[in-house]
Each structure stands twice: as C-alpha cells, then as structure tokens.
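If you want the building blocks of each chain, they are given just below.
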Amino acid sequence: MEKIRQKRAVFFSLISLFLIILFSIGAEIGKEQKYLESELSATRTRVETLNQAINDLDDKYFSNFVNTAGKSALEAISEYSVKSGRSIYPFEDNFVSVFINGTLNADTQNPIDLKNEPNKYMDDPPIKNLIDEIKKIYSSIGLKIHDLDVEVLNIYQKDPWTIHLIVKFNYFFEDEKEVAAWRGESIEETDISISGMWY
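The notes below deal with the structure included here. (Residues numbered from 1 in each chain as written. Predicted model: local features only at pLDDT ≥ 70, side-chain atom pairs only at ≥ 80, totals over all residues. Heavy atoms only, no water.)

## Things to note about helix α2 (residues 91–101)
Okay, step 1: Those residues of α2 not exposed but buried are Asn94, Phe95, Ser97, Val98 and Phe99.
Okay, step 2: Following α2 by one or two positions, Gly102 adopts a phi angle in the positive range, close to 85°. (Buried < 20%, exposed > 50% of the residue type's maximum accessible area, 1.4 Å probe, protein only. Helix = DSSP H or I, 4+ residues; strand = E, 2+ residues; numbered from the N terminus.)

Following this line, the structure appears as structure tokens:
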C-alpha cells in the first residue's frame, strides 16, 4: 500500500508540475501577445497619421504651392522687366527657372537671383524653398524623404489675362521604422491672373 501511495504522490507531483509549467507558458504567451497587439496598434496609428499627412500634401498643399510660387514668379519677372527695361525671352524657360529656384536667366551668363537682396522681387519663396520646408517638417514627424521634386509640364497663355500652369510633383516617403512607404505623383493645374501686374 505504501508503494501505491508513493506512486500516486509521484503522479500527482508530476501532474502539478506539468500544470504549473502550462500556466507559466500560457502567461508568457499572453504577455507576448499583448505586447505584439500593442506594437501593432501603435504602428497602425502611426501609419494612419502619416498617411493622412501625405494625403493632405497631395490634396491641398501641392495646389497651394503651385498657386503661391506661380503668382510670385510671374510678379517678380514682371517687376524685374519693368525696372530693368529688359525683355524676358524666352519667357517660358525663365518663368520655370524663377518658379522653381528664384533665379532669372534673362539671356545672361550669370543668373539673376530674384528672391534675395539686392534684387528682391519675390514676395513669396520659389517652389524649391517650399518643398525644402515640407522636407524639414515631414522629417521631424518621422518620414524619410527619398524623393520630392517638381517639374513644370506646361505653361501657356490661356487668354489675354490668364497664364495656365501644369506642374507635376513626384514623391517617395518612408516612415522611419521602414514599415510603410508612399510613392506617387500629383499633377496640379492652376490659372494665374496677370490682371493688376503692371509696375
């Protein structure tokens, strides 16, 4: 009888040990699962926030950049032409140069900087400066900017008082943890009125 009790004691001890191990493993798996769920939730929130920032850039800011930089470039060229007495030819090439980086080629070997003193003709920055600001802001919120550039596709006079501008933006962003990436292009069209631009 003593042997049977010993066998039962060993059996119950083994069963108890097995149950303790099972509960310990289950608790560890639960902790790991909660950690992964928390990490997944944080990543999801981060991606959704960054996705909204990219959508805002695409839906609102690119259009505003084109309007602001386009009008500023047109006003700067007009003012420079009147004050210097020089014709700006070819207009399209010079407009693109002023629109993008604020310099006017104006048939000279040395481009004229219209955005800085002493020839400050631009009230608003050229589009390159606006893009540089976006790069700083987006970098500060955790986006790696692999590519963000602008190309003027077309510029023409739509009617006697309106210039039509078509601009393409290419972008490639990635979050700092390299979980999500955004690559795309946005084509923006705008009309710039030349009414009231006489100096």
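Structure's up, so let's keep going.
## Observations concerning the pattern of salt bridges
Okay, step 1: In total, this model carries eight salt bridges according to the counting rule given.
Okay, step 2: The salt bridge involving Lys158 is made with Asp191; its shortest N-O contact spans 2.8 Å. Highlighted residues: Lys158 in strand β3 (residues 143–159) and Asp191 in strand β5 (residues 181–193), separated in sequence by 33 residues.
Okay, step 3: Judged by its relative accessible area of 47%, Lys158 falls in the partly exposed class.
Okay, step 4: Taken together, the salt bridges that share partners define one network made up of Glu151, Lys168 and Glu185. (Salt bridge = Lys/Arg side-chain N within 4 Å of Asp/Glu carboxyl O.)

## Focus: the pairing of strand β4 (residues 162–175)
Okay, step 1: Of all 14 residues in β4, 14 are buried; the element is thus mostly enclosed.
Okay, step 2: Across the two faces of β4 the burial is the same, with Thr162, His164, Ile166, Lys168, Asn170, Phe172 and Glu174 and Ile163, Leu165, Val167, Phe169, Tyr171, Phe173 and Asp175 all buried.
Okay, step 3: As paired strands, β3 and β4 are joined by 14 bridges and run antiparallel to one another. Its bridge partner being in β4, Gln157 is matched across the sheet by Ile163.
Okay, step 4: The loop that links β3 with its antiparallel partner β4 comprises two residues.
Okay, step 5: Sheet topology note: the β4/β5 ladder contains 13 bridges and is antiparallel. (Pairing = 2+ DSSP bridges.)

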